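What follows is the residue order along each chain.
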Amino acid sequence: MLEADKSLTDDERLAKKDSLLADYAVKSERVHTILQLLKAYTMFNKDEEYVVMDGQVKIVDEQTGRIMEGRRWSDGLHQAVEAKEHVKIEAATQTFATITLQNYFRMYHKLSGMTGTAVTEAGEFWNIYKLDVVEIPTNRPVIRKDLNDRVYKTKREKYAAVIDEIVKMRNEGRPVLVGTTSVDVSELLSRMLQLRHIPHNVLNAKLHQKEADIVAQAGQSTLGKVIIEDADGTKHEEERLLGAVTIATNMAGRGTDIKLSEEVRNAGGLAIIGTERHESRRVDRQLRGRAGRQGDPGSSVFFVSLEDNLMRLFATERIAHIMDKLGFKEGEMIESPMINSSIERAQKKVEENNFGIRKRLLEYDDVMNKQRTVIYEKRRHALMGERIGMDITNMIWDRVVNIIENNDYDGCRDQFLEVMAMEVPFSESDFNAKRREDLFESSFQAAMANFKRKIDRLSEVASPVIKNVYENQAAMYENILVPITDGKLVYNIRCNLKEAYESECKVVVREFEKAILLHNIDDAWKENLRELDELKKSVQNASYEQKDPLLVFKLESVTLFDNMVNKINNTSVGTLMRGQIPVQTPEEVREAAPEPQHKQPKYTESHEDLSDGGAAEAAQRDTRERRQEPIVKEKTPGRNDPCPCGSGKKFKNCHGKGLV
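Residues numbered from 1 in each chain as written. Predicted model: local features only at pLDDT ≥ 70, side-chain atom pairs only at ≥ 80, totals over all residues. Heavy atoms only, no water.

Overview of a nonpolar patch on the surface
A cluster of nonpolar residues, Ile99, Leu101, Tyr104, Phe105, Met107 and Tyr108, forms a patch on the protein surface that exposes about 620 Å² of accessible area. Note on placement: Tyr104 falls in helix H3 (residues 101-105). (Patch = residues over 30% accessible without salt bridge, like charges linked within 9 Å, V, L, I, M, F, W, Y side chains within 5 Å. Areas by Shrake-Rupley, 256 points an atom, 1.4 Å probe, with all protein chains shown as cover. Salt bridge = Lys/Arg side-chain N within 4 Å of Asp/Glu carboxyl O. Helix = DSSP H or I, 4+ residues; strand = E, 2+ residues; numbered from the N terminus.)

If you want it as structure tokens, here you go:
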């Protein structure tokens, strides 16, 4: 529409486009926010996917039921859930590094493990890690009775039957461990038991601090009074051993033995009651495995309703049809090996689907893993500093080749000035007449000579100051900060005073090079991770064009990686070529604050504009956070002395006004 509007001038058309793009950016951000809020309200339930504790939204691990401390959902989803729960909305997080567990484990040269439920996942262990699963017989025969699932029509009937079963087992003197799939269900059953005045313990993500104590008591029975109803309907009070009742999410003492007393063994051992079949057979088997350990007696049974998530996805209609056909009334159940097989088949389908998702995720991460390997290698070289000179030389060569290959003569002139901070080292006639290889070599030699001259200049400026400080004030300082600027930012380079003196400031130059490379690599990698994350979401639409999203992701990620490497090389070379030290007097030397125990970069950065008349003052100012303020040794001018700012005024009439 804008292109067809002849009444608009070119400038007006551009202004209109900018206005429309700005309006679109605002509205698309609002749409994204609304979508995340809708997702938070409809798909994420309190006490299932997350809990609210101490005014914070904390994610609950679906598999273990434990709180995942420090984890937050990305892309604004966590903020949407915080808004839903009316708690403080924290700032969005930025990913610094990412890796899948599969690729993390594959970094080890040797892999092994032990678990009681690996057989169902043997195929995945082989496909991902090339590991065989070997089944080892139990130390003692398992005598636990695994009963058939009990299927009810509704959740209400199921929970009522669970409470009746708990009361029955407890009255028989058998401790009961009730496994639930969420915090919400565990608290619902707890309220139902409270109505029946049955003492019990609850173990979930909210009460995980008491886990050891609760598990220790889970296999015991205590003497107590209970009302018993005889066959003829008469009730009487009787004193007997009553089993402990524990309600737990999937975290229930995994991998621990619940110790049984002798009375409990004689009564039949620990009774496991599952309130729902999990999507994974492993989780169900882990719950069953709480009972019957080391040859102890015990039993396990799962209560299932047609309203459960797994049953709604698979086999619900067929089982409901059977129940209707057989005339089942409210509260009645189906208990059959056929039902068990049907549920296990449904679980197997879900497991296969989840494996497919994990495998696809790993294929995406394999692409990122190749980039991760290259970047981490670059970062390790910068951090150790052993081959930093070679890396910088390669960067300069890469920039020279890139500039000459991708530009005409005018473009080369601009790029050499912008990136290399030098005049173009050849004439236009040379550019048109000479072979590109000859231009590469001659330009590279000129760039290296320019770089060496800048680095030598850094040492020359710093050397007399550091020599003076070391010879006169060595007892005062161990580490010092040397400010180096590229004209835009000030980098406070931390180095050892003695090493700087003995090496004639070569250590200062090396620390400057390390700091710049680390800073630029980290910044570029963070941005690349964000772009890859966005790319992973956007390429899913490629399936509508009959294209493989993974293939599109691989192709596009190569472009992103090349852009990132170019950005690292451009910014690093540009900063190194422009580096200079504004501080030139011993009085302005600052002592580096003591280095804290945790690792931190050896520089701090401030966005200072050094293009105006106050450049020297800006460069000399300490740009670190106040809590890292160093001890400053500086000479205070007298009232009638010239002001250090260079204005020519007396100190009392300039920067000393109101101070002296």
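With respect to the packing of aromatic side chains
Under the definition given, this model contains 16 aromatic pairs. Arranged with centres 6.1 Å apart and planes meeting at 85°, the rings of Phe416 and Phe426 form a pair that is edge-to-face. Residue Phe416 is located in helix H14 (residues 409-419), and its partner Phe426 is located in the loop between H14 and helix H15 (428-433); the two are separated by 10 residues in the primary sequence. By relative accessible area, which is 0% here, Phe416 ends up buried. The exposure class assigned to Phe426 is buried, which follows from its relative accessible area of 6%. One aromatic cluster in this structure is built from Tyr104, Phe105, Tyr108, Phe125 and Tyr129. Between Lys84 and the ring centre of Tyr41, over which it is positioned, the NZ or CZ distance is 5.9 Å. Cation over ring: Arg277 sits above Phe302, and NZ or CZ is 4.9 Å from the ring centre. (Phe/Tyr/Trp six-rings, centres within 6.5 Å; stacked < 30°, edge-to-face > 60°. Buried < 20%, exposed > 50% of the residue type's maximum accessible area, 1.4 Å probe, protein only. Lys NZ or Arg CZ within 6 Å of the ring centre and 35° of its normal.)

Observations concerning the side chain of Thr246
Topologically, Thr246 is positioned in strand S9 (residues 245-248). Judged by its relative accessible area of 2%, Thr246 is buried. Discounting residues that sit within four places of it in the chain, Thr246 has contacts with Val176, Leu177, Val178, Asn201, Ile214 and Ala218. (Contact = heavy atoms within 4.5 Å.)

Quick notes on the nonpolar core
Ranked by size, the top nonpolar core spans 71 residues in total, and within it Ile396, Phe416, Met420 and Phe426 carry the most contacts. Sorting elements by how many residues they give to this core places helix H18 (residues 506-538) first, with 14 residues. If we skip the residues at most four places from it in the chain, Met420 touches Ile396, Arg399, Val400, Ile403, Gln415, Ala447, Asn450, Val573 and Met577. (Core = buried A, V, L, I, M, F, W, Y, C linked by side-chain atoms within 4.5 Å.)

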